[in-house]
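# Remarks on the overall topology
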Amino acid sequence: MGFACGIVGLPNVGKSTIFNALTSAKAEAANYPFCTIDPNTGIVKVPDHRLADIARYIPPQKLVPASMTFVDIAGLVKGASKGEGLGNQFLGHIRETNAIAHVVRCFSDPNVIHVDGSVDPLRDISVIDTELILADLETVNKRYSQMEKAARAGSDKKAAAVMGVLAPVRKTLEAGNPVRSLLLSDDDLALIHDFHLITAKKVMYVANVDDSDIGNSTPNEHVKRLMAYAEKEGAPVVQICGKIESEISELAEEEKAAFLKDMGMDEPGLNRVIRAGYDLLGLQTYFTAGETEVRAWTIQKGFKAPQAAGVIHTDFEKGFIKAEVYHYDDLMKYKGEQAIKDAGALRLEGKEYVVRDGDIMHFRFAV
């Protein structure tokens, strides 16, 4: 199970710079609107020190981290839903992502043009939200009458159920609010899943700040306003400096630690973006470990053992018998699998076992 995140924002807020740093994909980033002409897709490794820790005691031929996909589209501008700019052409590329990372400019730099002439995070968010809301409303309206007619006929129970969700969704969009403000249940969201509504997705805000703000204990005024806004929405805010992250991504591994120390940073800010994405979607990691590989697997929190096995292969879920389980903490404590067994920390778990973040698992199954 992967995590796909669509990156949105106005032109010149640092979207493509951050995308480049995340993925090292080298999308064009320049100081003028509509620089990102084609959508860019990059797959990044999820940073997790536990992989290397596990490999110390179970030496493998290779380490396989979990991964995330990021999709960067052209900057959206006011009127995008009506065909202004280029971003509207690529909204389809982010409709099937799991979440949205909204990059917001929180730095002042006279050398970097702002499409509206000044830095105002809340105004910028409003512009993007409006365009996404209008795009979603157009999507809903295209099928609304047909779905309503099917529901009224009385013979299509699914259409009736969909309309029970779609009607308040359209009303919310018409009022200028995102679908996520309805706080729909997972079951309701499943009913309207094939509409791929962008504003139904969870959102996190990436505050792109100046390098002088990194290491400061107090956020700048732009970030403070953004954090107050996001708190009302229940959305996380990750503060990073696109310029610094871009520099870090260009360094050799052995140089990164020294650079981070000089900047007063424990890790690249983009690691926090990835972790925020995991938290946002309720994701967690379990591991498989052996001579061939130590691998991280991404699952939804609350997954039971057969569902976790199914992420490896559907046959594992269908033929699930038992799971041999111990935790990463057990391995760090006992320093080896035999010692874990001797201590009685290795368990056999059945179909009802709820997998924990950091579990190390071996599945028994029969096809």
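Our structure's up above, just so we're on the same page.
Quick look at the structure, then. (Residues numbered from 1 in each chain as written. Predicted model: local features only at pLDDT ≥ 70, side-chain atom pairs only at ≥ 80, totals over all residues. Heavy atoms only, no water.)

## A short note on the overall build of the protein
- Per the secondary structure count, the protein includes 13 helices and 12 strands.
- Across the 367 residues that make up the protein, the buried fraction comes to 49%.
- Counted over contacts in the protein with a minimum sequence separation of 6, partners at least 24 positions apart contribute 69%.
- Just so you have it, the protein exposes about 17800 Å², and 50% of that area is on carbon and sulfur atoms. (Helix = DSSP H or I, 4+ residues; strand = E, 2+ residues; numbered from the N terminus. Buried < 20%, exposed > 50% of the residue type's maximum accessible area, 1.4 Å probe, protein only. Contact = heavy atoms within 4.5 Å. Areas by Shrake-Rupley, 256 points an atom, 1.4 Å probe, with all protein chains shown as cover.)

## Side note on the nonpolar core
- L22, I54, M68, F70, I94, Y205 and L331 are the most contacted members of the largest nonpolar core, which has 71 residues in total.
- Top element by residues in this core is helix α9 (residues 269-281). It accounts for seven residues.
- What I94 contacts, discounting residues up to four positions off in sequence, is G6, V8, V71, I73, I100, I198 and K201.
- Residues V140, A159, V169 and F195 belong to the second largest nonpolar core, which totals 17 residues. (Core = buried A, V, L, I, M, F, W, Y, C linked by side-chain atoms within 4.5 Å.)

## Overview of empty space enclosed by the protein
- Considering all chains together, one arrives at one cavity of 30 Å³ or more under this definition.
- Lining the largest cavity, in full, are V8, I100, H102, D129, L132, R180, I198, T199, K201, K202, V203 and Y205.
- Mapped by element, the contributors of at least two residues to the lining of the largest cavity are β5 (99-105), α3 (121-153) and β6 (202-208).
- Considering only residue class, the lining of the largest cavity consists of six nonpolar, two polar and four charged. (1 Å grid on protein atoms, 1.4 Å probe; cavity = no way out; pocket = protein on both sides within 12 Å on 5 of 7 lines; lining within 4 Å. Points joined across faces, edges and corners; volume = space filled by probe spheres on them. Nonpolar A, V, L, I, M, F, W, Y, C, P; charged D, E, K, R; others polar.)

## Let's talk about the environment of T285
- Relative to the helices and strands, T285 resides in strand β8 (residues 283-289).
- Its relative accessible area of 5% is what places T285 among the buried residues.
- Taking the C-alpha atoms as reference points, T285 and R295, 10 residues apart in sequence, are found 9.9 Å from one another.

## Notes on the packing of aromatic side chains
- This structure, assessed with the given rule, holds four aromatic pairs.
- A connected cluster of aromatic rings, assembled from ring pairs, spans Y286, F320 and F363.
- Above the ring of F195, the side-chain terminus of R143 is found at 4.0 Å from the ring centroid.
- For the cation-ring pair, R170 lies above Y144, with the distance from its terminal atom to the ring centre recorded as 3.6 Å. (Phe/Tyr/Trp six-rings, centres within 6.5 Å; stacked < 30°, edge-to-face > 60°. Lys NZ or Arg CZ within 6 Å of the ring centre and 35° of its normal.)

## A short note on helix α8 (residues 253-262)
- Where α8 is concerned, the buried positions are K256, F259 and L260. Buried residues along α8 cover an arc of 100° about the axis, so they all sit on one side. Opposite the buried face of α8, at more than 90 degrees from it, the exposed residues are E254, A257, K261 and D262.
- Positive backbone phi, approximately 75°, marks G264, located one or two places after α8. (Arc of directions from axis to C-beta.)

## Remarks on the sheet that holds strand β2 (residues 40-45)
- Here we have six strands laid out as an open sheet, ordered β2-β4-β1-β5-β6-β7, and mixed in their pairing. Each edge of the open sheet carries a strand with a single partner, namely β2 and β7 (237-240). Mean inter-strand twist for the sheet, computed between neighbouring axes without regard to direction, equals 25°.
- The pairing of β5 with β6 spans seven bridges and is classified as parallel. Its bridge partner being in β6, A99 is matched across the sheet by K202. (Pairing = 2+ DSSP bridges. Axes fitted to C-alpha atoms, helices over the stretch in contact; angles between N-to-C directions.)

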